[in-house]
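Each chain is listed here by its residues.
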Amino acid sequence: MHLVVCVKQAPDTEALIKLKPDGSGIEEAGIKWVMNPYDEYAVEEALRLKEKNGGDVTIVSLGPARAMESIRTALAMGADKGIHISDPSLDRADAFVAASALAAAIKSLPHDIILCGQRAIDDDSGQVGSILAELLGVPQLTIIMKLEVAGGVAKAVKAIEGAQVVLESALPCVVTAQKGLNEPRYASLPGIMKAKKKPVDVKNAAALGISVEQKARIIKMMPPPQRAAGKIIQGDDPEAKARELVRLLREEAKVI
Amino acid sequence: MAQEVWIVAEQRDGVLRKVSFEIASAARRIADELQTDVAAVLLGSGVSALAGALGKYGVDTVYVADGPVFQNYTTEAYAAAVAKIVKEKDPAILLLPASVQGKDLSSRLVGKLATGMASDCTELRIENGKLVARRPMYAAKCFADVVIDGTPQMASLRPNVFAAVEMPKAGTAVAFDAAIDPASLKTKVLEIQKESGGKVELTEANVIVSGGRGMKGPENYALIEELAAVLGAAVGASRAAVDAGWRPQTDQVGQTGKTVSPNLYVACGISGAIQHLAGMSSSKVIVAINKDPDAPIFAKADYGVVDDLFKVVPEITKAAKELME
């Protein structure tokens, strides 16, 4: 079984995000970069499928030079080889351009299942997996919490509002991972040593033959709206404070 | 030339979902500014009669593909049908809900229509005849204004953020043939397991009561559930509570959970880690109950109670119950 996993490097969830003074982007200095957490579930699921069915796991990542760290992390977890799509012209890639680059790299690989995180925690757009599936002409199973593959068919569970849906798809297909799919393993020390010797191809946009023209364009970034200072309800008696809170919610905030 | 503002309405089991009216109202406001019409695409089985309900919220025309192939949502059938009618009629703007289904459908459509989309938007405006969509990034640690250079200009809208406003228009149903061959579909829905007890869905709830690490154990969530029952609220949890196994993953609010925008969010025993704040900071009113006066949640709260939640929450439940009666 040929498994491909798309991974992206993103700021750690605890990272403070500061904007450049002109609002053109974020200040990258001082940020701790990690593999996007949803992509870790995707890598883990691919490794489990390989352990069960045999085959190989290829990691594909689009990003600047530092993205190589996330590729090495995935290789240390047990993936076999990597492709690093690195090109300054792709630094501001939108979802369509990013998916085009990933699709161009994956087309030349044998692939039964392509796994992605359901979204990246930096731009939070959640589009790349589906666009990639469309560009590869394969079906998609998105935001998946449980996956079973047998007899050339993928069976998956996803949570929708108020229900769980069980889906089935022919292979090849794209699966995007939701939290809960599995518990990602840590890279072992021998794994980390071995990862250094695993092959990683570096490709640029020209080698992939893709257009880098973005269709969704950020014109300005800004800090979140400030909330007005809140009111701390004073007093020592829990009952009195509870009554005052309920009164304020009814009479002042008008939300209950 | 592309002109109209379109939405893809969402229905389940033959009932339009509230978010459909929210995006219809958002579309109407933009269309009025652009002096154009609003059309909706509606897919389902036996759903043609729902067109009028969309008309009530400002939709002029409803393009309906009705048939058994649309009984349950599948990406393939729905995306092919929407893409077909969109390519034929060429709207300028296409809005979808950022619901679970809407996220799946909208992103596949971005691929099919080779355009761009601003996901999970919280504000829309028109500037120089173009859509400008504001959306949170980095888990709402910052926001971005996005324009789309492709056609149609696509945006998905966060549920519970845009007001549904009645604005009666014709809502004329126009049937179209999506020409989907069921035999060509590579995916199918095997089963839909509904959650029992009519639980309120977090992303659609008007009120949410959430518990965190301060709950000390799964057994204490009864306190949260009692308050939620009185307020007609959904129950949420922090990552700490979910990772400890106290609550299911589907209850998690935050960066690696759900993003919610209720009218009222009551955080009990939640310190307010940045990844939790990310998921609930677009709530209209936030209440924090925590015994640590320095907990970061208080910086986001409109109302704070610094006290032991085990003493305060039952009193809130009691006071709210008396008020409701």
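Thresholds applied
- Residues numbered from 1 in each chain as written.
- Chains lettered and ligands numbered in written order.
- Predicted model: local features only at pLDDT ≥ 70, side-chain atom pairs only at ≥ 80, totals over all residues.
- Heavy atoms only, no water.
- Contact = heavy atoms within 4.5 Å.
- Buried area = accessible area lost by both parts, 1.4 Å probe.
- Salt bridge = Lys/Arg side-chain N within 4 Å of Asp/Glu carboxyl O.
- Core = buried A, V, L, I, M, F, W, Y, C linked by side-chain atoms within 4.5 Å.
- Buried < 20%, exposed > 50% of the residue type's maximum accessible area, 1.4 Å probe, protein only.
- Helix = DSSP H or I, 4+ residues; strand = E, 2+ residues; numbered from the N terminus.
- Pairing = 2+ DSSP bridges.

> When you look at the interface of chain A and chain B in this model, what are you seeing that I'm missing?
A common way to state how big an interface is: give the accessible area lost once the parts meet. At the junction of the two partners, chain A supplies 78 residues and chain B supplies 87 residues. With both sides pooled, the region where chain A packs onto chain B buries about 7300 Å², and carbon together with sulfur makes up 57% of that total. Looking at the side of chain A facing chain B, the largest losses of area belong to A:Glu161, A:Lys179 and A:Arg227, adding up to 12% of the total buried there. Along the contact surface separating chain A from chain B lie 10 salt bridges. Between A:Glu161 and B:Arg17 there is a salt bridge, with its nearest N and O atoms 3.8 Å apart.

> Before we go on, may I ask you to explain the nonpolar core in this structure?
Soluble globular proteins tend to pack their nonpolar side chains together in the buried interior. In terms of nonpolar packing, the biggest core is built from 57 residues, with A:Ile85 and A:Leu132 touching the most fellow members. Looking at this core, the element that brings in the most residues is helix H3 (residues 95–107) of chain A, giving 10 residues. When sequence neighbours within four positions are dropped, the list of residues in contact with A:Leu132 reads A:Cys6, A:Ala99, A:Leu102, A:Ala103, A:Ile106, A:Ile114 and A:Cys116. One finds A:Met221, B:Leu50, B:Tyr57 and B:Tyr138 within the second-largest nonpolar core, a separate group that totals 47 residues.

> Which parts of the structure should I look at to understand helix H4 (residues 128–136) of chain A?
The α-helix winds at 3.6 residues per turn, so residues separated by three or four positions along the chain end up facing the same way. Buried residues dominate H4(A), accounting for 7 of its 9 residues. Those residues of H4(A) not exposed but buried are A:Gly129, A:Ser130, A:Ile131, A:Leu132, A:Ala133, A:Glu134 and A:Leu136. Buried residues along H4(A) sit in contact with strand E1 (2–7), H3, strand E6 (113–117), strand E7 (140–150) and strand E10 (173–177) of chain A together with helix H4 (100–113) of chain B. Phi for A:Gly137, located one or two positions after H4(A), is positive at around 70 degrees.

> Honestly, the pairing of E7(A) in this entry has me stumped. Any pointers?
In regular strands, side chains alternate between the two faces of the sheet. All names here are of chain A. The buried fraction of E7 is high, at 8 of 11 residues. Relative to E10, E7 is paired through 3 bridges, and the arrangement is parallel. When the sheet's bridge partners are listed, Leu141 is paired in E10 with Val175. Where E7 and strand E8 (residues 153–160) come together, 6 bridges link them in antiparallel fashion. For Val149, the partnering residue across the bridge sits in E8 and is Ala154.

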